[in-house]
Amino acid sequence: MSTTIVAISRQFGSGGARIGQAVAQRLGFQYADRSILAEAAARLRVDSTDIEPLEEHSASVWARIGKLFALGSPDTPFIPPTLPTVSESDVFAAERQVIESIAAHGNAVIVGRGAPHILSGPNVIRVFLHAPIEDRIKLAMQEYAMTDVVAARMVLEDSDRARAQFARSLTKRDWCDATLYDISLNTTVFGLDRAVELIVDLVQRPPAAPLPPMTPRTADTRVSS
């Protein structure tokens with residue numbers, strides 16, 4: 001019996017984790033997000049908190065978040081932790097192995113980590129979630145208890161740049177290119193609940209019947225007066 005993988009790429013603040021978790025719960029699928037990082041760290045024999053800045057986020061994103069959480073002010077100096085002796089390519093290779101292993105062993109919803117660009121085949125549904133930045137700022141501030149709008153915007157902009165660069169390294173194409181995905185949803189337009197319903201319906205709905213053949217057009221032989 002074939003498996004189905006829902007691979008989600010998302011803009012920071014578009015509700016990707018919440019949507020992914022809800023889809024997995026509705027479908028009874030395994031959910032994988034941060035667990036991929038933990039498993040990759042175990043394979044590399046390092047602590048997951050040490051290699052987190054090396055994955056699809058740039059170190060600057062987590063530096064800004066670190067300021068907001070650990071120090072409470074975007075103007076307070078932040079000293080990032082010392083990174084282990086592993087490279088970005090080491091982290092990506094380990095995460096790729098974990099993602100491919102998850103996909104090979106059953107139905108799953110995988111959020112981030114380049115999953116839509118790593119996995120392929122008719123059993124993979126590639127989803128891109130996005131929203132206008134002002135709406136993403138509001139959601140991110142709620143979810144991460146941020147209080148500084150300017151700092152929150154910087155976090156989102158850093159994340160967008162980092163994820164775009166990561167996607168381009170895998171595909172040689174623009175991260176927001178709709179042709180990289182099977183479905184692209186603006187979560188402001190649809191809302192998180194409706195986005196969940198649309199993805200679940202896409203998974204559960206049987207393949208559509210082929211469209212009937214088009215009737216050939218006949219040449220317009222009318223002569224204008």
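Model, not experiment: these values are computed from the prediction. Every chain's residues receive numbers from 1 upward, in the order its sequence appears when written. Residue-level local features of this predicted model are given only where pLDDT is at least 70; pairs of side-chain atoms are given and counted only at 80 or more, and the full residue set underlies all totals for whole chains, interfaces and linings. Side-chain numbers here rest on the full set of heavy atoms in the structure, without hydrogens or water.

## Topic: the confidence of the model for the protein chain
Rules: The score called pLDDT rates the predictor's confidence residue by residue, from a low of 0 to a high of 100. Whether two residues are in contact is decided by their heavy atoms: any pair within 4.5 Å suffices.
For the protein chain, the mean per-residue pLDDT works out to 83, and 80% of the residues sit at or above 70. Confidence drops under pLDDT 50 across residues 58–65; counting only partners more than four residues distant or on other chains, this segment forms 17 contacts. The model gives residues 69–83 a pLDDT under 50, and that stretch makes 18 contacts with residues more than four places away or in other chains.

## Brief notes about helix α10 (residues 192–204)
Note: α-helices contain 3.6 residues per turn, so residues at a spacing of three or four share the same orientation. The line we're drawing: Secondary structure elements are defined from DSSP: runs of H or I of at least 4 residues count as helices, runs of E of at least 2 residues count as strands, and each element is numbered from the N terminus. Each residue after the first adds 1.5 Å to the expected span of a helix. Burial classes: relative accessible area under 20% of the type maximum marks a residue as buried, over 50% as exposed, and values in between as partly exposed (1.4 Å probe, protein chains only). It is the directions from the helix axis to the C-beta atoms whose arc is reported.
Its 13 residues give α10 an end-to-end C-alpha distance of 18 Å, which sits within 8% of 18 Å, the value for a rise of 1.5 Å per residue. Where α10 is concerned, the buried positions are A195, V196, I199, V200 and V203. Burial along α10 is one-sided: seen end-on, the buried residues are contained in an arc of 130°. Seen from the buried face of α10, the exposed residues on the opposite side, beyond 90 degrees, are D193 and Q204. Tucked inside the fold, the buried residues of α10 contact β1 (5–10), α1 (16–27), β4 (124–130), β5 (183–186) and α9 (187–190).

## Some points on the packing of aromatic side chains
Test applied: Any two rings among Phe, Tyr and Trp, with Trp reduced to its six-membered ring, count as a pair given centres within 6.5 Å; such a pair is stacked if its planes are under 30 degrees apart, edge-to-face if over 60, and tilted if neither.
Scanning the entire structure with this criterion turns up four aromatic pairs. Between F12 and Y144, the aromatic rings sit 5.3 Å apart at their centres with planes inclined by 50°, giving tilted as the arrangement. Note that F12 is positioned in the loop between β1 and α1 and Y144 in the loop between α7 (133–143) and α8 (149–171), a separation of 132 residues in sequence. The exposure class of F12 is buried, given its relative accessible area of 5%. These aromatic residues form a ring-pair network of at least three members: F128, W175 and Y181.

## A look at the packing of α7 against α8
Under the convention used in this document: Only the contacting stretch of a helix is used when fitting its axis, a line to C-alpha atoms as for every element, and angles between N-to-C directions run 0 to 180 degrees. An angle below 35 degrees is read as roughly parallel, one above 145 as roughly antiparallel, one from 65 to 115 as roughly perpendicular, and any other as oblique. Rotating anticlockwise by less than a right angle from the far helix to the near helix defines a left-handed crossing, while the corresponding clockwise rotation defines a right-handed one. Asp, Glu, Lys and Arg are counted as charged, while Ala, Val, Leu, Ile, Met, Phe, Trp, Tyr, Cys and Pro are counted as nonpolar; the rest, among them Gly, fall into the polar class.
Where α7 meets α8, the closest approach of the two axes is 10 Å, and the angle between their N-to-C directions is 110°. As far as their axial angle goes, α8 and α7 are roughly perpendicular. α8 is crossed by α7, and the crossing has right-handed handedness. Residues I133, E134, R136, I137, A140 and M141 of α7 pack against V149, A152, R153, L156, E157 and D160 of α8. Split into classes, the residues belonging to the contact of α7 with α8 amount to seven nonpolar, no polar and five charged.

## Some words on the sheet that holds β5
Put simply, the test is: Between any two strands, at least two bridges found by DSSP are needed for them to pair.
In spatial order, the strands read β2-β3-β1-β4-β5; together these five strands make up an open sheet with parallel pairing. Two strands lie at the open edges of the sheet, namely β2 (30–32) and β5, each paired on one side alone. If you compare each strand with its neighbour and ignore which way they point, the axes differ by 20° on average. In this sheet, β5 lies alongside β4 in parallel orientation, the contact comprising four bridges. Its bridge partner being in β5, H130 is matched across the sheet by N186. Seen against the sheet, helix α5 (residues 88–104) touches β1, β2 and β3 (108–111) and runs at an angle of roughly 160° to β3.

## As for the nonpolar core
What counts here: Residues enter a nonpolar core if they are buried and are Ala, Val, Leu, Ile, Met, Phe, Trp, Tyr or Cys, with the set joined through side-chain atoms within 4.5 Å.
Counting 19 residues, the largest nonpolar core has V6, I8, I19, V23, V109, V127 and I199 as its most contacted members. When residues of this core are traced back to their parent elements, those giving at least two are β1, α1, β3, β4, β5 and α10. No other element matches the five residues that α10 contributes to this core. Setting aside anything within four residues of it in sequence, one finds V109 in contact with V6, I8, G20, V23, A24, F29, Q30, Y31 and A32. Core analysis: the next-biggest nonpolar cluster, separate from the first, contains 14 residues, I5, A7, A32 and A108 among them.

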